[in-house]
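Coordinate inspection notes
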Amino acid sequence: MTGGEVAGILVAVFWAILVSFLAVVLVRLAQTLRATTRLVTEVTEQAVPLLADASATVRSAQTQLDRVDAIATDVQEVTSNASALSSTVASTFGGPLVKVAAFGYGVRRAMGRTSEPAAASPRERSDRTVIVGRTVPPARTGRGRWGRKG
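Rules and cut-offs
- Residues numbered from 1 in each chain as written.
- Predicted model: local features only at pLDDT ≥ 70, side-chain atom pairs only at ≥ 80, totals over all residues.
- Heavy atoms only, no water.
- Helix = DSSP H or I, 4+ residues; strand = E, 2+ residues; numbered from the N terminus.
- Buried < 20%, exposed > 50% of the residue type's maximum accessible area, 1.4 Å probe, protein only.
- Areas by Shrake-Rupley, 256 points an atom, 1.4 Å probe, with all protein chains shown as cover.
- Patch = residues over 30% accessible without salt bridge, like charges linked within 9 Å, V, L, I, M, F, W, Y side chains within 5 Å.
- Salt bridge = Lys/Arg side-chain N within 4 Å of Asp/Glu carboxyl O.
- pLDDT = per-residue confidence, 0-100.

Take the overall build of the protein next. Of the regular secondary structure elements, the protein holds 2 helices and 2 strands. Across the 150 residues in the protein, those meeting the buried criterion constitute 0%. Total accessible area on the protein stands at roughly 13,600 Å², and carbon and sulfur atoms take up 65% of it.

Below, the structure written as structure tokens:
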């Protein structure tokens, strides 16, 4: 055998190994592509119903939000009506009720003075007043605002 024939056999063996290696790589690549295709198909089959369910859920949530919005609007209207009613009642009955209460207090006080003449005021009941451990004589009577009699 000559050197050219040996070189030719080496090149042929090298090409055979290279083609075998490429064939194995192509077979593996085909298997990977088939598995990927199956996976994409399964994901698509599961994703479409999930998206439909999600869409229905979003529509239902929107309906509920519309209802809550209507309720909130009604509550706001009721609150403003209650506030207006409260203001009206306060302005209508507030003044007269204060006057009636003051009149009742005055009548009670006047009735208390006339029905119990023996009861003395707190100043008359005690000769001395105790303030934080000290005894203070009763206030002087018969003096005006500036300490003058009159």
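Attention shifts here to a nonpolar patch on the surface. On the surface, Met-1, Val-6, Ile-9, Leu-10, Val-13 and Ile-17 cluster together into a nonpolar patch covering about 620 Å² of accessible area. Here Met-1 shows up in the segment before α1 (3-115).

When pLDDT is averaged along the protein, the result is 83, and 75% of the positions lie at 70 or above. Of all helices and strands in the protein, the one with the weakest mean pLDDT is helix α2 (residues 122-125) (51), whereas α1 scores best (91).

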